[in-house]
Amino acid sequence: MPDKRLSVVVTRRLPEAVERRMAELFDVTLRSEDRPMPREALASAMREADVLVPTLTDPLDAALLSQAGDRLKLIANFGAGVDHIDVTTARQRGILVSNTPGVVTEDTADMTMALILSVTRRLPEGMAVMQKGDWDGWAPTAFLGGRLRGRRLGILGMGRIGQAVARRAVAFGMEVHYHNRRRLRPEVELDLGASWWESLDQMVSRVDIVSINCPHTPSTFHLLNARRLKLMKPTAVIVNTSRGEVIDENALTRMLRAGEIAGAGLDVFEHGTEFNPRLRELPNVVLLPHMGSATVEGRLEMGERVIINIKTFDDGHRPPDLVVPAML
Ligand SMILES: O=CC(=O)O
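Conventions used here
- Residues numbered from 1 in each chain as written.
- Predicted model: local features only at pLDDT ≥ 70, side-chain atom pairs only at ≥ 80, totals over all residues.
- Heavy atoms only, no water.
- Pairing = 2+ DSSP bridges.
- Helix = DSSP H or I, 4+ residues; strand = E, 2+ residues; numbered from the N terminus.
- Axes fitted to C-alpha atoms, helices over the stretch in contact; angles between N-to-C directions.
- Contact = heavy atoms within 4.5 Å.
- UniProt positions renumbered as here; feature names shortened; annotations may be inferred.
- Buried < 20%, exposed > 50% of the residue type's maximum accessible area, 1.4 Å probe, protein only.
- Right-handed = clockwise from strand over helix to strand, strands pointing away.
- 1 Å grid on protein atoms, 1.4 Å probe; cavity = no way out; pocket = protein on both sides within 12 Å on 5 of 7 lines; lining within 4 Å.
- Points joined across faces, edges and corners; volume = space filled by probe spheres on them.
- Nonpolar A, V, L, I, M, F, W, Y, C, P; charged D, E, K, R; others polar.
- Near = heavy atom within 4 Å.
- Polar contact = N/O pair within 3.5 Å; in protein donor to acceptor, adjacent residues only side chain to side chain.
- Areas by Shrake-Rupley, 256 points an atom, 1.4 Å probe, with all protein chains shown as cover.

A few words on the sheet that holds strand β11 (residues 263–266). Spatially, the 7 strands line up as an open sheet ordered β8-β7-β6-β9-β10-β11-β12, and their pairing is parallel. In this open sheet, the two edge strands, each paired with only one partner strand, are β8 (194–196) and β12 (285–287). Within this sheet the neighbouring strands show an average axis-to-axis angle of 20°, counted without direction. Sheet strands touched by helix α7 (residues 160–171): β6 (152–156), β7 (175–179) and β9 (209–212). Its angle to β6, the strand with the most contacts, is close to 170°.

In this section: the UniProt feature "domain: D-isomer specific 2-hydroxyacid dehydrogenase NAD-binding" (unreviewed entry) in the protein. UniProt tags residues 113–292 as "domain: D-isomer specific 2-hydroxyacid dehydrogenase NAD-binding" (unreviewed entry). Secondary structure content for residues 113–292 is 33% helix and 16% strand, while the C-alpha to C-alpha distance between its ends is 10 Å.

The subject of this paragraph is the pairing of β7. Of all 5 residues making up β7, 4 are buried, and the element is well covered by its neighbours. Bridge analysis of β6 against β7 gives 5 bridges, and the strand direction is parallel. From the neighbouring strand, Gly154 faces β7, where its bridge partner is His177. Once the chain exits β6 it traverses α7 before rejoining the sheet at β7, and the crossover so formed is right-handed. Both β7 and β8 contribute to a ladder of 3 bridges, which runs parallel. Bridging from a neighbouring strand, His177 pairs with Ser195 of β8. Taken together, β7, helix α8 (residues 186–192) and β8 constitute a β-α-β crossover, and its handedness is right-handed.

A few words now on unusual backbone geometry. Glycine aside, residues mostly have negative phi angles, and peptide bonds mostly take the trans form. Residues other than glycine seldom take positive phi values, yet Arg122 does so here, at roughly 60°. Topologically, Arg122 is positioned in the loop between α5 (105–120) and α6 (123–132). In this model, Phe143 sits at a positive phi of 55°, which is unusual for a non-glycine residue. Note on placement: Phe143 falls in the loop between α6 and β6.

With that settled, the discussion passes to empty space enclosed by the protein. Under the criterion given, the structure shown has 1 cavity of 30 Å³ or more. Quantified by volume, the largest cavity comes out at close to 40 Å³. What lines the largest cavity is Asn240, Gly244, Ile247, Glu249, Leu252, Leu266, Val268, Phe269 and Glu270. Class assignment for the residues of the lining of the largest cavity results in 5 nonpolar, 2 polar and 2 charged.

Leu56, Gly79, Ala80, Gly81, Arg243 and His290 make up every residue found near the ligand. In the environment of the ligand, an oxygen atom lies 2.8 Å from a nitrogen or oxygen atom belonging to the side chain of Arg243. Here the ligand has 200 Å² of accessible area as a free molecule, and 87% of this is covered by the chains. Split into classes, the residues belonging to the shell around the ligand amount to 2 nonpolar, 3 polar and 1 charged.

What follows is the structure, given as structure tokens:
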């Protein structure tokens with residue numbers, strides 16, 4: 001009997017339990033190497049599969065999507081951000097796109113706090129001294145950082161992750177401010193204890209810490225450009241667990257070097273792995289390799305969402321995490 005199961009191509013290694021479950025449910029082609037799938041392999045997968053499961057390391061642009069075969073009906077992204085997928089072109093070609101929102105929220109918010117604490121309390125400097133065996137004992141004036149209680153946090157992007165960061169910041173005694181295209185409902189604002197700024201310029205000029213929590217879209221590209229970064233207080237710190245493209249990385253690097261911004265915690269970079277090498281030289285900068293959602297639990301839940309999206313589609317329904325261009 002011919003295999004009636006959906007043919008699904010997965011572009012990266014996923015947690016074993018997720019791969020195993022996919023193999024039970026679908027006619028799945030898994031990857032043996034854990035590297036981004038080459039462009040030609042992506043193109044042929046798009047010609048042959050019913051469903052593609054990409055990740056953020058697969059740029060699915062209009063040129064690639066134009067090579068998709070009639071078979072390809074769903075791109076079920078393993079990840080929340082879909083800025084690597086031309087969702088509009090996919091839609092025009094009748095290909096649905098889904099993602100994995102919700103399950104990355106708490107982990108990414110935790111990582112945002114980890115970066116805020118690392119930069120303000122100078123964790124890497126302390127660790128470096130310990131690793132070198134250079135610690136010569138406690139001193140009243142050594143490794144002095146800044147206290148979080150009473151500091152003003154400005155959250156750029158008050159979606160699920162921004163709100164989860166706000167809840168954590170309140171627990172740390174911080175004053176929470178936010179900028180979002182749409183203001184939160186009054187009861188949500190009250191519950192979070194957050195103040196809305198219609199003007200991003202005004203917010204960045206008044207807060208002590210700026211946290212980037214908005215997605216990367218054409219309208220958020222370089223939202224923190226050189227002009228806006230210059231509005232920040234020279235004592236202020238910036239953290240980014242969203243996408244590098246929201247900040248002009250070269251302008252930020254220049255200002256950090258010049259002492260015009262006090263520090264940065266960056267989990268993401270404007271050009272993926274090719275970040276400005278000067279950032280590595282700065283003691284007040286914490287760099288992480290895009291680890292925001294990297295927990296065992298989170299990755300399993302992301303796999304679960306991908307499976308639910310494919311399975312629901314296979315059963316003739318709309319995938320629950322459908323992404324439509326109007327959402328972006
Ligand atoms: O960055 C991680 C994601 O988009 O899920």
